[in-house]
Amino acid sequence: MIWRDQEPVQGLTKEGEKTSYILTECLRESEPHSITLYVELACNGLFGAGQGSMIAAPDPNRKYTLQKAELVVFNRDVQELLTDFEMLVDLVKVLGEGEQRGYQALFTVNEMVNLCDPANPSSYSSAQDLAKKFFSQRNGQSQHVVHAMGHCHIDSAWLWPYEETIRKCARSWVTAVRLMEKNPEFIFTCSQAQQFQWVKNWYPGLFSQIQHFMQKGQFVPVGGTWVEMDGNLPSGESMIRQFLEGQNFFKTEFGQYCKEFWLPDTFGYSAQFPQIMRGCGISCFLTQKLSWNLVNTFPHSTFFWEGIDGSQVLTHFPPGNSYEMKGKVEDLINTVKNNKDKGRANHSAVLFGFGDGGGGPTQLMLDRLQRVQDSDGLPRVHMSSPDQLFSEIQASSSLLCTWSGELFLELHNGTYTTQAKIKLGNRQCEALLHDVEVASCLALCQAAGFSYPTKELQKLWRLLLLNQFHDVIPGSCIEMVVEDALEYYKEIQQTGSGLLRTACNALRSSPLFGVGSSTAVFNTLPWERNEVIALAEDGAQTKLALVKASCVGVAPVTEIAEPVSAVSVTVQADGSVLMENGLLRAVLDKMGRLVSLLLVQTNREAISDGCFGNQFVLFDDVPLYWDAWDVMDYHLQTRKPVVDVTRPAEVTSSGGLRGSVIFSLRIREKSSITQEVILDASCPYVKFKTQVHWAEAHKFLKVEFPVQVRSPNATYEIQFGHLQRPTHRNTSWDWARFEVWGHKWADLSEHGFGVALLNDCKYGYSVHQNVMTLSLLRAPKAPDANADMGHHEFTYAVMPHAGSFQDASVIQHAYNLNFPLHLIPDVSIAHPWSAFTLNSSAVILETVKHAEGRKNALVVRLYESHGGSVAAVLSTSLPVLGAWHCDLLEQPDPTHPAALSGRDISLSFKPFQIISLLLQLH
């Protein structure tokens, strides 16, 4: 980076073609003949400092040397002539001599060589005249139109840490500003509010220049999100907060919301994106990553994408299959040739500029594109903005096709599992921030003098959203980034836990409670829960209690002598262990495997005959190149069951409120598993509390449950809903889904019976035929040589059920596993109290938060989870004056007040619909 007069003025990079800084266009006698420059150098390349390959782990001993810095006089005429030659020669190469236009280019460039004498600069102009004549020959009216937009995709962290990204943004964007000064037609698109915030904090002078060129329409903020997040792993609420934080930032700093969602590089796209986009004022979407599909070619470039609720967004994949083109002939020809919607769409985007590691456009790229704005044989080139592109597409969109459901990337499916501690941190922090918001809202309504922690929560949310960047939460980043991410999770957990305690303490002083020595239980979920919880007692062992917790509220912890059916755990004659609680009857062998899992109510066996549930299996995991990213289908041929017992199953709690069995296995020489199998009273699932010491290289650990269920499809939870994927491999599209993502649960059901897998921090699944598999740990070595090494703790559960998973409340039980009940000690509470109740099990109250920028107002967010239309009533005991429907940016619709009658709000849902309400309090 070059600094002049205490401001950054230009980025320099060898790989990015930015090798010079112009001191002056023309030095006059009256101007100073001496200036002072400072050059800031970083010891890394565009993509970090890997050893051996781009994605190798960084080499801490790698050295860089500045060998030469020259003061030179630049000959613009030579550069112009070279650019003419380059573009013409590329036309010959790409179109070929057999094409009329290709041969004309060859003829023209040959004539230029004949005319041009390198030793005689006066000959250059006549050669340039030939090029100008060629490029000025116009296209016909039917020619494809390319909307060229400068772009500089900067990964917020990847092969470099977050701090280096701050410098990358400054180096790249100040260079773009210099180009804007010289090229008033140049338009530069730039996403990620977080990166703007970094530049505003660290480079305020540059940020002011960006605001200036934004007002001129040259520097165009796009995307509307805090970062370009992963499209699979963040929760639904996290995805909304990406837009809420991003759009509010763009509105505050630049005076406008973004109209398009911009996510060029991510590893899949949730089927709830269209509804979330529409709720955030966005109707257009640009990406290109599906061009990386390993098995099937995606059939469209420009189309309508329909989500699981029926919402549609206009979607465009730049047909050049890149977000870092260079303005070359090849880019333009590929854009026309690869357009899969010829006849339906005649406009495409070309995003030009060095990317991933930053850099952005160069003057050379602009010069290339300027020559071929309207040149016969090539598409018409317009320097354009996303708004102009989508307006043109929309104007002729009547013939476009529609793609319904998820956009599944057939690659990078190892990212559902890599860096397990990041996955755990994300899930736990999402749950914690949810609970802090619920508790703080209740305290705001019930405790006089309580102040809602708006600023603290915004800071924590922004840290969480940053870690959801599409190379961080997937685990495809270097060790330095992992260390930063885990520190951010630690900060969220420490500060968030403090905020939760503060809110609960405020509730203790509210009229709900009296002074006393008993304990209350606080439930942040919108249904009653009967659960066994641990009560801490001074100087004694932990005591268990079966509690009934009110929905979104508090209840006394009352002593229940015995549950309806106590848990019993007994050792059988053959050494196996029988666990029963009246709902389930499970038999474990000495290795901790489920020999049998019986649903008592229907006398239905869940485990397949002669098979074992909870069977750990190990696979060789050596992808072709993208180590942390990919798991290849051929890994399935290397399955090895884990069978080396180091501690046979033994009973650690023989029953009552909780029964438990513990065992240990050796995975390989240096890796081991210890697992506690837990069955609680009144609980319809068996929990597997797991500890793994992991010291493997290129191995993949999973756990299998072969079940007595036959169905062509399995169901997986996604954001605000669920979807089905095939359990067979009939077609190449089915086969490509051999490893898929899901959130808190997956279910395999036939009519009348099914089995669900629940988890507290895992995202990778496979259900093939009748075998349900949860992916647990990987061991890639690039770009982090120590990925996942060490100690891991996680919990999953298996839940057989009668009827459908909807009727069996699988969704609710998966929430229960992820959102623990909270104890409020030293209080007296006479009666249970609920802030909100719902009369439909299909509707989930996902979020209760303080409204953005309003006093005494809450936002509640609900969604229909079963996949059907339903009427529901939300009842509240909070002092609500009025209620309005609002969008996901919390802007109320004054024409659409909610049907409030007393303390009941009547709502009508379509399948998987998200509804947000703005509640004004007294």
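The structure under discussion appears in the preceding block.
From a predicted model like this one, the values you see are computed outputs, not experimental measurements.

1. Focus: the overall build of the protein
Then, in step 1: The helix and strand inventory of the protein stands at 16 helices and 48 strands.
Then, in step 2: Taken against the 2.2 N^0.38 rule, which gives 29 Å for 922 residues, the C-alpha radius of gyration of the protein at 31 Å falls within 12% of a compact globule.
Then, in step 3: Each principal axis of the C-alpha distribution contributes one length, and for the protein these read about 105 × 65 × 55 Å.
Then, in step 4: Relative to its full complement of 922 residues, the protein shows a buried share of 60%.
Then, in step 5: By sequence separation, contacts in the protein at least 24 residues apart represent 72% of the contacts at least 6 residues apart.
Then, in step 6: Accessible surface computed for the protein: about 35900 Å², of which carbon and sulfur atoms make up 50%.

2. Digging into the sheet that holds strand β39 (residues 833-834)
Then, in step 1: Spatial ordering of the open sheet is given by β38-β14-β17-β39, a layout of four strands whose pairing is antiparallel. In the strand order of this sheet, the two ends are held by β38 (822-828) and β39, each with one partner.
Then, in step 2: Against the sheet, helix α12 (residues 420-446) engages β14 (514-523), β38 and β39, with an angle of about 135° to β14.
Then, in step 3: In the packing of helix α14 (residues 479-508) onto the sheet, the strands contacted are β14 and β38, and the crossing angle to β38 comes to about 30°.

3. Details of the pattern of salt bridges
Should their charged atoms come close, side chains of opposite charge can pair.
Then, in step 1: As enumerated under the stated definition, the model contains 39 salt bridges in all.
Then, in step 2: We note a salt bridge from Glu86 to Arg368, for which the minimum N-O separation is 2.8 Å. On the criterion of sequence distance, the pair formed by Glu86 in helix α1 (residues 76-95) and Arg368 in helix α10 (residues 363-371) is long-range, its members being 282 residues apart. Taken individually, Glu86 and Arg368 each receive the classification buried, so the pair is uniform in this respect.
Then, in step 3: Put simply, Asp589 and Arg593 hold a salt bridge, and the shortest N to O gap is 2.8 Å.
Then, in step 4: Judged by relative accessible area, Arg593 falls into the buried class, the value being 12%.

4. Comments concerning helix α9 (residues 329-337)
Then, in step 1: Of all the residues in α9, the buried ones are Val329, Asp331, Leu332, Ile333 and Thr335.
Then, in step 2: Looking at the buried side of α9, the elements it contacts are α1, β4 (145-151), β11 (347-352), α10 and β12 (380-383).

The rules behind these values
Residues numbered from 1 in each chain as written. Predicted model: local features only at pLDDT ≥ 70, side-chain atom pairs only at ≥ 80, totals over all residues. Heavy atoms only, no water. Helix = DSSP H or I, 4+ residues; strand = E, 2+ residues; numbered from the N terminus. Rg over C-alpha atoms; globule rule 2.2 N^0.38 Å. Buried < 20%, exposed > 50% of the residue type's maximum accessible area, 1.4 Å probe, protein only. Contact = heavy atoms within 4.5 Å. Areas by Shrake-Rupley, 256 points an atom, 1.4 Å probe, with all protein chains shown as cover. Pairing = 2+ DSSP bridges. Axes fitted to C-alpha atoms, helices over the stretch in contact; angles between N-to-C directions. Salt bridge = Lys/Arg side-chain N within 4 Å of Asp/Glu carboxyl O.

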